[in-house]
Amino acid sequence: MKISGEQSESEKRVFADCLKNSPDYTSYSAKTSFVITTSAGNLKSKATVRIIKDKILQISVQPFLGIEMFRVRLTNDSVWILDKMGKRYVAESIAAYKSKLPVDLSLSTIQALFLGRPFLPGKDRLDISDWSFSIKDLSRFSCLFELDELARLRETRALDISGQMQITWSYSKFTNQGEFWFPSEMEVRTSGIGNKNLTLKMENISPEWNKTFNVDFSVSSQYRKVSIRDLLNMFLK
């Protein structure tokens, strides 16, 4: 399904079914196993993803025996990364990276990607009035959303206007969550971003909805502040 601004009535019904598969929520928490593949090799780990709608996305990475080694936190205006193994941390503004990615880098967009939902830049939640819209005025990038036969989002693809940068986020192995379906596997592929290609596979995703949980992000005074570029270069050589 390509969002182009010119869809038929049958496509409108499909879009309505897609929205039904994206019910409202207040929070999300899921344990998962993931594999990151770069030119340097593979990294396997357990992780926990936590989302408070429109406020926070936090990822805790536990590569060894459930011991947290890394933590990533995104808010509406900042990105934080805690490297417990290297005693380093990152604290930077999201605005600095908006022009460097082929997709609008906002918290609501990133939450939508983790939850397998279509999105519009600058809008937190879609409704049926959005079934026919155009993003041609957003000249820096384009987004394509592909649905399966049950109107579940199967793939989101974001490309910059030059075609050199691309992010593809795929969803599979859907499980019944009662009133909607949710993928138990996701795969993220990037190309042309920072001259690095990366693949992230998330498997055995076990979600919980609308629970209360702690999202603490305290940083020890013994940790050294570094830039996100420096930290990524250390791990993605």
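Parameters at a glance
Residues numbered from 1 in each chain as written. Predicted model: local features only at pLDDT ≥ 70, side-chain atom pairs only at ≥ 80, totals over all residues. Heavy atoms only, no water. Helix = DSSP H or I, 4+ residues; strand = E, 2+ residues; numbered from the N terminus. Buried < 20%, exposed > 50% of the residue type's maximum accessible area, 1.4 Å probe, protein only. Polar contact = N/O pair within 3.5 Å; in protein donor to acceptor, adjacent residues only side chain to side chain. Core = buried A, V, L, I, M, F, W, Y, C linked by side-chain atoms within 4.5 Å. Contact = heavy atoms within 4.5 Å. Pairing = 2+ DSSP bridges. pLDDT = per-residue confidence, 0-100. Patch = residues over 30% accessible without salt bridge, like charges linked within 9 Å, V, L, I, M, F, W, Y side chains within 5 Å. Areas by Shrake-Rupley, 256 points an atom, 1.4 Å probe, with all protein chains shown as cover. Salt bridge = Lys/Arg side-chain N within 4 Å of Asp/Glu carboxyl O. Expected span 1.5 Å × (residues − 1). Arc of directions from axis to C-beta. Phe/Tyr/Trp six-rings, centres within 6.5 Å; stacked < 30°, edge-to-face > 60°.

Novice: Just to check I follow, could you spell out the environment of Asp83 for this structure?
Specialist: Residue position: Asp83 is located in strand β5 (residues 78–83). Using a relative accessible area of 0% as the deciding quantity, one classes Asp83 as buried. C-alpha separation for the pair Asp83 and Val72, spaced 11 residues apart in sequence, amounts to 8.9 Å. Here Gly86 takes part through its backbone nitrogen, which lies 3.0 Å from a polar atom of the side chain of Asp83.

Novice: Help me understand the nonpolar core, please; the structure alone is not making it clear to me.
Specialist: Residues Tyr28, Leu57, Phe114, Trp169, Phe182 and Met202 are the most contacted members of the largest nonpolar core, which totals 48 residues. Looking at this core, the element that brings in the most residues is helix α2 (residues 107–115), giving 6 residues. Those residues in contact with Tyr28 that sit more than four places away from it in its chain are Val49, Arg50, Ile51, Leu115, Phe182, Ile205, Pro207, Glu208, Trp209 and Phe213.

Novice: I would appreciate a short explanation of the pairing of strand β11 (residues 196–209) in the present structure.
Specialist: Remember that side chains alternate between the two faces of the sheet whenever the strand is regular. In this sheet, β11 lies alongside strand β1 (residues 27–38) in antiparallel orientation, the contact comprising 9 bridges. Across the sheet, residue Ile36 finds its bridge partner in β11, namely Leu200. Taken together, the 6 bridges between strand β10 (residues 181–193) and β11 define a ladder with antiparallel strand orientation. Its bridge partner lying in β11, Arg189 is registered against Thr199.

Novice: Teacher, can you tell me more about the confidence of the model for the protein here?
Specialist: For the protein, mean pLDDT is 84; residues scoring 70 or higher make up 86% of the total. Confidence drops under pLDDT 50 across residues 1–7; counting only partners more than four residues distant or on other chains, this segment forms 21 contacts.

Novice: Mind showing me how you'd approach a nonpolar patch on the surface here?
Specialist: A contiguous nonpolar surface patch, about 390 Å² in accessible area, is contributed by Phe64, Leu65 and Ile67. Here Leu65 lies in the loop between β3 (56–62) and β4 (70–74).

Novice: Could you clarify how one ought to interpret the pattern of salt bridges in this entry?
Specialist: Two side chains that carry opposite charge are able to pair once their charged atoms sit near each other. For the structure shown, the criterion picks out 12 salt bridges. The partner of Arg71 in a salt bridge is Glu68, and the shortest N-O contact between them spans 2.6 Å. For the residue pair Arg71 and Glu68, the accessibility class agrees, reading buried in each case. Lys201 is the salt-bridge partner of Glu187, the closest N and O atoms lying 3.8 Å from each other. In this pair, Glu187 is assigned in strand β10 and Lys201 in strand β11, connecting sequence segments 14 residues apart. Under the relative-accessibility criterion, Lys201 is labelled partly exposed at 37%. Overlapping salt bridges bring together Glu155, Arg157, Glu187, Arg189 and Lys201 as one network.

Novice: Where do I start with helix α1 (residues 9–20) in this structure?
Specialist: Residues three or four positions apart in an α-helix share a direction because the helix packs 3.6 residues into each turn. Across its 12 residues, α1 extends 17 Å between first and last C-alpha, which sits within 8% of the 16 Å expected from 1.5 Å per residue. Among the residues making up α1, those that are buried are Phe15, Cys18 and Leu19. End-on view of α1: buried residues confined to an arc of 100°, all on one side of the axis. Across α1 from its buried face, at more than 90 degrees, point the exposed residues Arg13 and Lys20.

Novice: Would you mind going over the pairing of strand β9 (residues 166–176) with me for this structure?
Specialist: Note that strand β8 (residues 153–160) and β9 share 5 bridges and pair antiparallel. Within the sheet, the bridge partner assigned to Ala158 lies in β9 and is Ile167. Between β8 and β9, which pair antiparallel in sequence order, lie 5 residues; one of them, Gly163, sits at a positive phi of approximately 80°. Sheet topology places β9 next to β10; 10 bridges connect them, and they run antiparallel. Its bridge partner lying in β10, Ser172 is registered against Glu185.

Novice: Where do I start with the packing of aromatic side chains in this structure?
Specialist: Aromatic ring pairs are defined here through the distance separating the ring centres and the angle between the ring planes. In total, this model carries 8 aromatic pairs according to the counting rule given. Centre to centre, the rings of Tyr25 and Trp209 are 6.0 Å apart; their planes meet at 75°, and the pair counts as edge-to-face. Within this pair, whereas Tyr25 is found in the loop between α1 and β1, its partner Trp209 is found in strand β11, the two being separated by 184 residues in sequence. When its relative accessible area of 8% is taken as the criterion, Tyr25 is described as buried. With 5.2 Å between their ring centres and 90° between their planes, Phe119 and Phe145 make a pair best called edge-to-face.

Novice: Sorry, what's going on with unusual backbone geometry here?
Specialist: Non-glycine residue Ala151 carries a positive phi angle of around 65°. In this structure, Ala151 sits in the loop between β7 (141–147) and β8. Residues other than glycine seldom take positive phi values, yet Lys173 does so here, at roughly 50°. Here Lys173 falls in the exposed class, since its relative accessible area comes to 55%.

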